[in-house]
Amino acid sequence: MRPMLKITDLSATVGEDSEAKTILNGLSLDVPAGEVHAIMGPNGAGKSTLSYVLTGRSGYEVTGGSATLNGEDILGMDPEERAAKGMFLSFQYPVEIPGVPVMTFVRTAMNAQRKARGEAEISAPDFIKKSRDVAKMLNLDAEMLKRPVNVGFSGGEKKRLEIYQMMMLEPKFLILDETDSGLDIDALKTVADGVNAMRDPSRGMLVITHYQRLLDYIKPDKVHVLAKGRIIKTGEADLALRLEKEGYDGVLGEAA
Amino acid sequence: MTTALRDFIKNPTAAELELVARYGMQPEDARRERAFLAFAETGLPHRRMEGWKWTDFKAALKALETPAAASAKDPLPDDGALVFRFTPKGFEAPAKLPDGIRMVVQPGVQAFPGAEDVPMGALAAALAGGGKRPATLAFEITSSEAPRLHFVFEGAGEASFARIVFLVRSGASLTLTESYLGGAGLTASVLEFDLERGAKLNRTIFQRGGAGEALAVTGIAHLGAEAEMTQTTLAFGAKVARMETRVVHQASGSKLNLNAAYLSGKGFHADITTNVRHGAPSCVTRQLTKGAVLDGGTGVFQGKFFVPRKTGQHTDADMQHQALLLEDGAQVFAKPELEIYADDVECAHGNTCGALDDAQMFYLRQRGIPETQARAMLTEAFIAEALGMADEAVRDVLLAEAQNWLSS
């Protein structure tokens with residue numbers, strides 16, 4: 001079966017010309033539809049860079065390799081095109097957008113994606129109904145959805161709002177970048193419930209995390225260890241437990 | 001006659017000579033003469049004058065000519081409002097005004113103290129009138145429930161001048177909207193406000209002009225004890241456009257909200273200049289100016305708070321100016337000034353100019369919002385804050401006008 005997300009020998013740098021620094025260095029990874037893959041790795045391994053390169057943030061330059069989603073090359077697309085194709089990034093640090101209420105923002109995003117795909121806009125009543133259902137599941141206060149995006153939100157609220165957006169937009173492929181950071185255990189469960197509700201045979205997920213903790217709640221099909229810009233080890237879910245016990249040094253030492 | 005008039009201004013430009021000739025055609029009036037002399041001292045203000053270094057009328061206005069572009073359509077609603085219309089040659093007012101609003105069309109010029117501080121205001125006072133147009137249009141407001149007064153400045157012509165004076169009596173309130181729609185080569189208006197104890201004024205200025213026009217709107221307000229003034233400006237600029245406001249807190253407890261947004265595209269210049277004097281203790285000023293400028297456009301913000309040593313005690317004043325340079329080649333000049341001599345005051349100011357935030361742009365685009373739409377959304381949200389205190393009859397229209405500009 002062809003993988004949904006296929007990354008082959010991907011290299012990328014960050015920074016301007018002479019000061020460009022290689023962060024991804026020949027990274028290869030396949031995520032089939034219906035699977036959840038975790039990426040773990042020490043600080044500075046290139047985890048966040050991978051999520052930004054896949055979603056098209058400026059400031060990163062792809063210097064080699066390829067990345068395809070359902071067979072389509074995504075690296076040449078604008079960020080909004082990738083979003084319309086179904087790529088979604090749950091940000092490690094969600095951004096505050098003063099003056100733009102959550103509902104307005106998400107509805108604008110949803111309709112922009114639909115337009116790009118040649119679909120009809122969602123009606124206001126349908127949107128409100130869907131929003132109400134999702135908010136209920138995530139324990140989000142309706143008042144919060146009228147406030148400007150992320151402004152004055154706590155760390156946990158910001159992460160729950162990321163999941164709210166994900167559930168509203170129903171993307172095909174999800175990248176969760178350190179979604180567990182800044183969450184207490186209750187918030188972590190709520191967020192994980194949301195993510196698990198999104199698991200679907202037609203959907204792929206990449207869960208980037210520092211710690212094994214999140215993977216107690218979101219069970220991965222595969223665990224990859226990212227170090228020095230490459231995947232150096234791949235295993236089943238129990239690899240995360242070994243990493244927790246032996247540390248990156250132990251596992252990296254074994255791989256090297 | 002011509003020779004004598006020529007002597008009013010040193011080395012006059014063609015445009016200044018035409019202004020002198022216009023003055024010569026007005027009926028003789030000692031107060032008119034004083035106003036014109038105040039203007040003539042400098043002639044059209046220019047870059048070598050402090051306060052005008054970024055907005056040069058002398059250079060921009062070579063001659064008085066009817067511009068090619070017609071007036072813009074007035075976006076502000078006029079339902080429920082009393083409409084007054086100034087064109088280069090005409091003036092229209094409702095036949096009847098309700099109780100609580102008294103209008104006096106004065107053929108003569110009212111005295112204009114402080115004219116030398118505002119050369120374009122002095123020019124407006126000196127050249128207003130003639131034909132059907134009042135030299136001074138005066139209002140006395142005695143009601144707290146008077147309908148909104150809506151002033152429209154439009155119509156093709158070489159030049160249009162107006163002077164309007166408002167006296168808002170104790171406890172009364174005035175809601176005023178002004179639409180400057182272009183059409184004249186030079187538009188200059190001066191509006192004066194005298195707010196008695198506890199009087200209220202909510203003033204909104206909408207300005208859109210052609211790329212070949214010059215425009216100066218001068219507002220001068222004196223606030224009595226516990227009077228409240230709120231002003232909101234939305235300016236799209238012109239070849240040169242200056243929106244100047246001078247406010248004096250002259251008795252304690254008065255409050256001023258002074259907000260403006262300017263949006264300048266290629267070839268447009270919008271200048272927001274303000275001067276607030278805290279001439280009485282315990283007065284409050286809140287000022288917020290926001291700007292967004294495209295390649296080839298210019299924005300100017302000059303704000304000054306003056307707080308005298310004795311009379312300015314317990315002043316509470318805040319001045320914020322924030323500008324977005326939306327493209328390379330956009331220009332913004334800013335000069336925020338606090339001149340404070342009193343020691344027991346709270347005065348703050350902030351001034352920022354920059355591009356849209358990359359992280360915000362990426363966040364919107366990652367969610368599927370295309371770049372131009374994302375930019376418009378962020379800019380609109382940024383600008384909207386400065387329009388939030390406009391009268392609710394026009395607030396949404398101002399936002400929509402800003403939106404249209406941002407998405408085109």
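In the nomenclature of an unreviewed UniProt entry, chain B is known as FeS assembly protein SufD of Hyphomonas oceanitis SCH89.

A tally of helices and strands in chain B yields eight helices and 19 strands. Computed over C-alpha atoms, the radius of gyration of chain B comes to 21 Å, within 12% of the 22 Å expected from 2.2 N^0.38 for 408 residues, which places it in the range of a compact globule. Principal-axis analysis of the C-alpha atoms places the extent of chain B at approximately 70 × 45 × 45 Å. In chain B, which comprises 408 residues, the proportion classed as buried is 57%. Counting only contacts in chain B whose residues sit at least 6 apart along the sequence, the fraction spanning at least 24 positions is 84%. Taking the average location of the 41 positive side-chain charges in chain B and that of its 49 negative ones, the two points are 3 Å from each other.

As a further point, take the pattern of salt bridges. This model, assessed by the stated rule, comprises 34 salt bridges over all chains. Residue Glu178(A) pairs with Lys47(A) through a salt bridge whose shortest N-O separation is 3.9 Å. Residue Glu178(A) is located in the loop between β9 (173-177) and α6 (185-197), and its partner Lys47(A) is located in helix α1 (residues 47-55); the two are separated by 131 residues in the primary sequence. Comparing Glu178(A) with Lys47(A) shows no difference in burial state: the two are buried. One salt bridge in this structure joins Glu244(B) and Arg246(B), with 3.4 Å as the shortest N-O distance.

The partner chain B presents 16 residues to the 30 residues of chain A that form the contact. Each partner contributes to the roughly 1900 Å² buried at the junction of chain A and chain B, and carbon and sulfur atoms together form 67% of this total. For the interface between chain A and chain B, the tally reads three salt bridges. Of the charged contacts, one joins Asp78(A) and Arg365(B) as a salt bridge, the two residues approaching to 3.8 Å between their closest N and O atoms. Run the count over chain A and chain B and you get twelve residue pairs in polar contact (both at pLDDT 80 or more). Of all the secondary-structure elements, those providing two or more residues to the side of chain A that touches chain B are α1, α2 (79-85), β6 (87-90), β7 (97-101), α3 (102-116) and α5 (155-169) of chain A. Among the elements that make up the side of chain A that touches chain B, the one with the highest residue count is α3(A) (six residues). Residues belonging to the side of chain A that touches chain B are distributed by class as follows: 17 nonpolar, eight polar and five charged.

In this section: the sheet that holds strand β11 (residues 222-227) of chain A. Residues and elements named next belong to chain A. On the basis of which strands lie adjacent, the open sheet formed by six strands has the order β6-β9-β10-β3-β11-β12 and mixed pairing. Strands at the two margins of the open sheet, each flanked by one partner only, are β6 and β12 (230-235). For this sheet, the mean angle separating the axes of adjacent strands, direction not counted, is 20 degrees. For β9 and strand β10 (residues 204-209), the ladder comprises five bridges, and the chain directions are parallel. Directly across from Leu176, in β10, lies its bridge partner Val207. Docked against the sheet, α5 engages β6 and β9, running at close to 165 degrees with respect to β6.

Take the state of the cysteines next. Enumeration over the complete set of coordinates arrives at zero disulfides over all chains. The thiol of Cys283(B) is not disulfide-bonded; the next cysteine sulfur, from Cys347(B), is found 12 Å away.

Right, let's get into the side chain of Asn259(B). All names here are of chain B. Within the fold, Asn259 resides in strand β13 (residues 255-264). Of the residues examined, Asn259 reaches a relative accessible area of 6% and is grouped as buried. A polar side-chain atom of Asn259 sits 3.2 Å from the main-chain amide nitrogen of Leu288. Beyond its immediate sequence surroundings of up to four residues, Asn259 is in contact with Gln231, Thr232, Thr233, Arg286, Gln287, Leu288, Ala386 and Met389.

So, about the pairing of β13(B). All names here are of chain B. Most of β13 sits out of view: nine of its ten residues are buried. Bridge analysis of strand β11 (residues 228-235) against β13 gives eight bridges, and the strand direction is parallel. Residue Ala235 lies in a different strand from β13, and its bridge partner there is Tyr262. Alignment of β13 against strand β15 (residues 284-293), held across ten bridges, turns out to be parallel. Bridging across to β15, Ala261 finds its partner in Lys290.

Below, the discussion takes up unusual backbone geometry. A positive phi is found at Asn150(A), a non-glycine position, where the angle reads about 65 degrees. Topologically, Asn150(A) is positioned in the loop between β8 (148-149) and α5. One non-glycine residue, Asn11(B), adopts positive backbone phi at about 40 degrees. Tracing the backbone shows Asn11(B) in the loop between α1 (2-6) and α2 (14-25). Of the residues examined, Asn11(B) reaches a relative accessible area of 72% and is grouped as exposed.

Here the focus is the packing of aromatic side chains. All names here are of chain B. Counted by the stated rule, this structure contains 23 aromatic pairs over all chains. Here Phe84 and Phe151 contribute two aromatic rings whose centre-to-centre distance is 4.7 Å and whose plane-to-plane angle is 15 degrees, an arrangement assigned as stacked. Taken as a pair, Phe84 in strand β1 (residues 82-86) and Phe151 in strand β5 (residues 149-153) lie far apart in primary sequence, 67 residues in all. Residue Phe84 shares its accessibility class with Phe151, and that shared class is buried. An aromatic cluster is defined as three or more aromatic residues linked by ring pairs; in this entry it consists of Phe84, Phe86, Phe91, Phe139, Phe151, Phe153, Phe166, Tyr180 and Phe193. Over the ring of Trp52 we find Arg242; its NZ or CZ atom is 3.5 Å from the centre of that ring.

On to the UniProt feature "domain: SUF system FeS cluster assembly SufBD core" (unreviewed entry) in chain B, then. Mapped onto the present numbering, the UniProt feature "domain: SUF system FeS cluster assembly SufBD core" (unreviewed entry) falls at residues 152-382 of chain B. Taken end to end, residues 152-382 of chain B comprises 9% helix and 60% strand; its first and last C-alpha atoms sit 28 Å apart.

The biggest cluster of nonpolar side chains holds 112 residues, and the ones touching the most others in it are Leu54(A), Tyr164(A) and Leu206(A). Core analysis: the second largest hydrophobic core is formed by 53 residues, Leu82(B), Ala235(B), Phe305(B) and Val332(B) among them.

Attention now goes to the environment of Ala214(B). All names here are of chain B. With respect to the secondary-structure elements, Ala214 resides in strand β10 (residues 214-223). On a C-alpha basis, the gap between Ala214 and Ala188 in space is 8.4 Å, while along the polypeptide they are 26 residues apart. Here Ala214 is in contact with Phe57, Leu61, Gly185, Leu186, Thr187 and Val240, once residues within four sequence places are set aside.

Residues Glu16(A), Asp17(A), Glu19(A) and Glu61(A) make up a contiguous surface patch of negative charge. Examined against the element boundaries, Glu61(A) turns out to sit in strand β4 (residues 60-69).

Let's shift gears to the packing of helix α4 (residues 124-137) of chain A against α5(A). Residue and element names in this part refer to chain A. Viewed as axis vectors pointing N to C, α4 and α5 meet at an angle of 135 degrees, and their least axial separation amounts to 10 Å. Classed by the angle they form, the pair α4 and α5 counts as oblique. Classified by chirality, the crossing of α5 by α4 is right-handed. Residues Phe127, Lys130, Ser131, Val134, Ala135 and Met137 of α4 form the contact with α5, whose own contacting residues are Tyr164, Met167 and Met168. Looking at the contact of α4 with α5 residue by residue, the class counts come to seven nonpolar, one polar and one charged.

Calculation criteria
Residues numbered from 1 in each chain as written. Chains lettered and ligands numbered in written order. Predicted model: local features only at pLDDT ≥ 70, side-chain atom pairs only at ≥ 80, totals over all residues. Heavy atoms only, no water. Helix = DSSP H or I, 4+ residues; strand = E, 2+ residues; numbered from the N terminus. Rg over C-alpha atoms; globule rule 2.2 N^0.38 Å. Buried < 20%, exposed > 50% of the residue type's maximum accessible area, 1.4 Å probe, protein only. Contact = heavy atoms within 4.5 Å. Lys, Arg positive; Asp, Glu negative; His and termini not counted. Charge placed at Lys NZ, Arg CZ, Asp CG, Glu CD. Salt bridge = Lys/Arg side-chain N within 4 Å of Asp/Glu carboxyl O. Buried area = accessible area lost by both parts, 1.4 Å probe. Polar contact = N/O pair within 3.5 Å; in protein donor to acceptor, adjacent residues only side chain to side chain. Nonpolar A, V, L, I, M, F, W, Y, C, P; charged D, E, K, R; others polar. Pairing = 2+ DSSP bridges. Axes fitted to C-alpha atoms, helices over the stretch in contact; angles between N-to-C directions. Disulfide = S-S within 2.5 Å. Phe/Tyr/Trp six-rings, centres within 6.5 Å; stacked < 30°, edge-to-face > 60°. Lys NZ or Arg CZ within 6 Å of the ring centre and 35° of its normal. UniProt positions renumbered as here; feature names shortened; annotations may be inferred. Core = buried A, V, L, I, M, F, W, Y, C linked by side-chain atoms within 4.5 Å. Patch = residues over 30% accessible without salt bridge, like charges linked within 9 Å, V, L, I, M, F, W, Y side chains within 5 Å. Areas by Shrake-Rupley, 256 points an atom, 1.4 Å probe, with all protein chains shown as cover. Parallel < 35°, antiparallel > 145°, perpendicular 65-115°, else oblique. Left-handed = near helix turned anticlockwise from the far one by under 90°.

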